[in-house]
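Structural description and commentary
Here is how the chains run, residue by residue.
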Amino acid sequence: SDSDNWAHDSFTKELIPDDVSFFSFSDKNTRPSQWFMASEPNTPLTYLALKIILKKVLELTAIHNPKPILVTGPHAFKEAYAAFLQSE
């Protein structure tokens, strides 16, 4: 989670089903949220997200004013989510 928000005390691990390897809320644009997620280690979705984010960071031509929403934020994570769904 981002450092400026956190799950309420009533949100416990029991709220996520045992057969779920990744959990996220959706934002108002139906993108998987990057501000709260939970996953098992080595899930393909988190691997794809890190791979896409790293690629976007390395492709930046000017690092002084990046667009976080596109490069490391919800849009980048949505790309990873779409790629994961296509691979299924």
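Up top is the structure these notes are about.
What counts, and at which threshold
- Residues numbered from 1 in each chain as written.
- Predicted model: local features only at pLDDT ≥ 70, side-chain atom pairs only at ≥ 80, totals over all residues.
- Heavy atoms only, no water.
- Pairing = 2+ DSSP bridges.
- Helix = DSSP H or I, 4+ residues; strand = E, 2+ residues; numbered from the N terminus.
- Axes fitted to C-alpha atoms, helices over the stretch in contact; angles between N-to-C directions.
- Parallel < 35°, antiparallel > 145°, perpendicular 65-115°, else oblique.
- Left-handed = near helix turned anticlockwise from the far one by under 90°.
- Contact = heavy atoms within 4.5 Å.
- Expected span 1.5 Å × (residues − 1).
- Buried < 20%, exposed > 50% of the residue type's maximum accessible area, 1.4 Å probe, protein only.
- Arc of directions from axis to C-beta.

**Considering the pairing of strand S1 (residues 22-26)**
Where S1 and strand S2 (residues 32-39) come together, four bridges link them in antiparallel fashion. Note that in S2 the partner of Phe23 across the bridge is Ala38. Here S1 hands over to S2 after five residues, with Thr30 in that stretch at a positive phi of 60 degrees.

**Structural notes on the packing of helix H1 (residues 44-59) against helix H3 (residues 74-87)**
Contact geometry of H1 with H3 gives a least axis separation of 8 Å together with a crossing angle of 130 degrees. Between H1 and H3, the angle falls in the class oblique. Along this stretch, H1 crosses H3, giving a crossing that reads as right-handed. Mapping the contact onto sequence places Pro44, Leu45, Leu48, Ala49, Ile52, Ile53 and Lys56 in H1 and Ala76, Phe77, Glu79, Ala80, Tyr81, Ala83 and Phe84 in H3.

**A few points about H3**
Taking 1.5 Å as the rise per residue, H3 with 14 residues should run 20 Å; its terminal C-alpha atoms sit 20 Å apart, in good agreement. Within H3 the residues assigned to the buried category are Pro74, Ala76, Phe77, Ala80 and Phe84. Down the axis of H3, the smallest arc covering the buried residues is 160 degrees, so these residues share one side. Those residues of H3 that are buried are in contact with S1, S2, H1 and helix H2 (68-71).

**Brief notes about the environment of Ser10**
Here Ser10 shows up in the segment before S1. Take Ser10: its relative accessible area is 54%, and that puts it in the exposed class. Distance from Ser10 to Lys55, taken between C-alpha atoms, is 37 Å for residues 45 residues apart in sequence.

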